[in-house]
Structure formats: structure tokens, C-alpha cells
Amino acid sequence: MATSAMSKNKVETGGPVSGNPTMMDKLSNYIIVDIGANLTNKKFSRDLDQVIQRATDAGVSKIMVTGTSLHSTKEALRLTRLYPGTLYSTAGIHPHDAKSWDDETYNELKEAARCTECVAIGECGLDFNRNFSPPDVQIEVFEKQVALACELGKPLFLHERDAHQEMVSILERFVDKLPSCVIHCFTGNREQAIKYLQLGCYIGLTGYLWKDKSENGVRKILEEGVIPLDKLLVETDAPFMYPNTRASKLPQHIKDCLTERSVTFLQRYCTFQRNEPCSLPVTVEMIAAYLNKTPEEVALATTFNALKVFGLSG
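The shown structure was predicted, so the numbers you read here are calculated from the model rather than taken from an experiment.

Cut-offs applied
Residues numbered from 1 in each chain as written. Predicted model: local features only at pLDDT ≥ 70, side-chain atom pairs only at ≥ 80, totals over all residues. Heavy atoms only, no water. Phe/Tyr/Trp six-rings, centres within 6.5 Å; stacked < 30°, edge-to-face > 60°. Helix = DSSP H or I, 4+ residues; strand = E, 2+ residues; numbered from the N terminus. Lys NZ or Arg CZ within 6 Å of the ring centre and 35° of its normal. Salt bridge = Lys/Arg side-chain N within 4 Å of Asp/Glu carboxyl O. Buried < 20%, exposed > 50% of the residue type's maximum accessible area, 1.4 Å probe, protein only. Contact = heavy atoms within 4.5 Å. Pairing = 2+ DSSP bridges. Axes fitted to C-alpha atoms, helices over the stretch in contact; angles between N-to-C directions. 1 Å grid on protein atoms, 1.4 Å probe; cavity = no way out; pocket = protein on both sides within 12 Å on 5 of 7 lines; lining within 4 Å. Points joined across faces, edges and corners; volume = space filled by probe spheres on them. Nonpolar A, V, L, I, M, F, W, Y, C, P; charged D, E, K, R; others polar. Disulfide = S-S within 2.5 Å. Arc of directions from axis to C-beta.

Participant: Even after reading the chapter, I still don't get the packing of aromatic side chains, so can you show me in this structure?
Facilitator: Going through the model one piece at a time under the given rule, you end up with four aromatic pairs. Ring geometry for Trp-210 against Phe-272: centres 6.1 Å apart, planes inclined by 70°, an arrangement best described as edge-to-face. Here the residue Trp-210 occupies a position in the loop between β7 (202–205) and α8 (218–223), and Phe-272 occupies one in the loop between α10 (260–269) and α11 (280–291), the gap between them amounting to 62 residues. Ring centres 4.7 Å apart and planes at 55° place the aromatic pair Tyr-242 and Phe-272 in the tilted group. Residue Tyr-242 is located in the loop between β8 (232–234) and α9 (252–255), and its partner Phe-272 is located in the loop between α10 and α11; the two are separated by 30 residues in the primary sequence. The ring of Tyr-202 carries Lys-231 above its face, with NZ or CZ at 4.1 Å from the centroid.

Rendered as C-alpha cells:
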């Protein structure tokens, strides 16, 4: 039996794999790290225990809870102490909230970021698509957070929309002391991906894959092998970025690579209104299909990358 067929049978049935399996084939489940989930969102306030249990059952062994404001940064840190070894946090001010920055923000952010459970600075960056904060304010606040990451030696968890060149310019100014950088929820084009990779950045992908039909976008980037596996990370951005595997715009050959087990978690527990970390295996399988690799290979590589970049305990 071919490796891919063995893998699919294993994941769907949970039964033993025949033949002479490799170490990856022996896994009874994927082992994945979700590097970005907004578990402080009020949509998770009533059943977070069950959400985390479902994620664990689906193979999502660790989840990074995103901080996007001082309040969510502190709340994310609180959650890590309720679920030690499973949840980790980030500390940052989202560009939408850059206008809320005041004299005390830096010190409070730094205090949270110093905690061992906090593994990155962010979600921070630039969003010139909506401009909920003025662009000049976004740039100033982003630069302060880049400087903080450099000072603390913690990775940057970056948000960028319609601000690629400005983002690159700021990162290049800090390049000599820049820590690892992750482009969160990348939705850009081939040229932008290449530039970020040249800067040493990692690329984070979400369920956005299902709706990308651009000729030069994420699907094409994966098919052409632009992003090497050692620079790839996966995330749900829950409760957002629901991967709609039933959509007509998702090619049939990609749908055919999705396992019954992963699709069951997605369709039973996730909706457009509330995506959950347990949907991550579907995204891994979509990525693997576009890369023409096994899901186990993608899961193993992205998990290794997450442990390395963010210093998560194994």
C-alpha cells in the first residue's frame, strides 16, 4: 500500500497501519501546533474547556493565544496559567488598536512579555486596508513593538494588510538585531512571500486557502514550492478564517485529499461564525495537497518549526 493511502486509512479509521510503516506512519493522529487562535474572544467564554479538549482530540497539542490589545494580552496570559503546557500567549497591540497606545502601554506590554508563558510579541504590524488607526500612528506603534522584541529577544507575530513595502522597510531597519519573525495569516502574493522569506521570516497559513483563487496567491505559491517546509507554520486564527471545504471554488482534487476524521471535527464543531482550533488538521491537509506531500510530513515540519521559533516545551 502506498504511503499516502496508508496515511489516509490510518487517520480515517484510527486503526493500525499494515506494511512497514515509518515513524510518521505510526502516529495515531497528527501532532500540530496552532500558532494563532483568539481564545480570549467572547465567543469562547462559555465552553473553553470543551474547545481545548476538542483541539487536543484532533491532534492540536499546543495553541498560542493571540494578544491584540493590553486587555487581551493580559487575558491570554491568564489562560496560559489555567492550561499550562497546552496554551501559550503573545503580547501585542494590533494595528487596529494602535490609536489606544499611551505612555503606560509600553511598560505594561513589556511586563506581560517578560513572562515565560508569553512566547512572542504581537499581534502587531500594519493594516492600511482598513486604517482603523491612522497609518502614521500604526507605524510608530509597530516600531516600538519591534524594538521591544529586539530587546527581549522574543519572536515577532506580524500582521500586514496592504502595507507590504512599509512593513519590509521597518524590518530592514532592525535587521541586525531582529528576532525570528512570523507573517501571521499570510494572504499576499508570490513576490511578497519571496521578499519575506529573504528577510528570514516564517509564513503562517490559515484556512484562507479555501477561498484564494488569485493567479499569484497562496495556492499558487504552495503549488510552486515557493515556501520551504522549514519556513512554514499553521494556524486557525479562530474564531475567524473558517475553512469552508464544501465550497465550489475549492478544487475537487484538494477535497479528495481531506480525511473523514478531520472533516468531521470541522463540520461537527466549527461554523463561519465560530471557527475552532480543532479545524487545523483540515488546513494541514489542504496545504499538503497543494504541496503534493503527505499531511504527516506537513504536520511534523510545522510542529518542529513552532517548537523551535517560539521555544515551546516539547
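Participant: Looking at this model, I keep getting lost on the pattern of salt bridges. Mind explaining?
Facilitator: Pairs can form between side chains of opposite charge whenever their charged atoms are close. Inspection of every chain in the model, using the stated rule, returns 12 salt bridges. The closest approach of N and O atoms between Glu-276 and Arg-54, which form a salt bridge, is 2.9 Å. Note that Glu-276 is positioned in the loop between α10 and α11 and Arg-54 in helix α2 (residues 48–58), a separation of 222 residues in sequence. Residue class for Arg-54 comes out buried when judged on its relative accessible area of 14%.

Participant: Would you mind going over the environment of Leu-48 with me for this structure?
Facilitator: If you trace the backbone, Leu-48 turns up in helix α2. Expressed as a C-alpha distance, the spacing of Leu-48 and Leu-79, which sit 31 residues apart in the sequence, is 9.8 Å. Sequence-distant contacts of Leu-48, defined by excluding residues within four places in its chain, comprise Leu-39, Leu-79 and Tyr-83.

Participant: How should the sheet that holds strand β4 (residues 118–127) be read in this particular structure?
Facilitator: Strand pairing in a sheet takes place through backbone hydrogen bonds and is either antiparallel or parallel in direction. Read across the sheet, eight strands follow the order β1-β2-β3-β4-β5-β6-β7-β8 without closing on themselves; strand pairing throughout is parallel. Taken across any chain shown, the strands that pair with only one partner, and hence form the sheet edges, are β1 (32–37) and β8. Within this sheet the neighbouring strands show an average axis-to-axis angle of 30°, counted without direction. Pairing geometry for strand β6 (residues 181–183) and β7, over two bridges, is parallel. The residue bridging Val-182 from the neighbouring strand is Tyr-202, located in β7. Packing of helix α3 (residues 70–82) onto the sheet brings it into contact with β2 (60–65), β3 (87–91) and β4, and relative to β3 it is tilted by some 160°.

Participant: What is the right way to read the layout of surface pockets from this model?
Facilitator: Picture a little ball the size of a water molecule; that probe, rolled over the atoms, points out where space is still empty. Each pocket or cavity is described by its volume, and for the largest pocket that value is around 570 Å³. Along its surface, the largest pocket is lined by 21 residues, and His-94, His-96, His-159, Asp-237 and Phe-240 are the ones closest to its centre. When residues of the lining of the largest pocket are traced back to their parent elements, those giving at least two are β4 and β5 (156–161). Residue classes in the lining of the largest pocket are distributed as three nonpolar, 12 polar and six charged.

Participant: Is there a simple way to think about the state of the cysteines in this case?
Facilitator: Here, disulfide denotes a covalent bond that connects the sulfur atoms of two cysteines. For the structure on display, the rule yields zero disulfides. With no disulfide of its own, Cys-118 lies closest to Cys-115 among cysteine sulfurs, the gap being 7.2 Å. Of all cysteine sulfurs in the structure, the one in Cys-181 sits closest to Cys-150, which takes part in no disulfide; the separation is 7.8 Å.

Participant: Any chance you could explain helix α4 (residues 105–113) here in plain terms?
Facilitator: For an α-helix the count is 3.6 residues per turn, leaving residues at separations of three or four pointing the same way. When we look at burial in α4, the residues that qualify are Thr-105, Leu-109, Lys-110, Ala-112 and Ala-113. All buried residues of α4 project into a common sector of 160° when viewed along the axis, lining one side.

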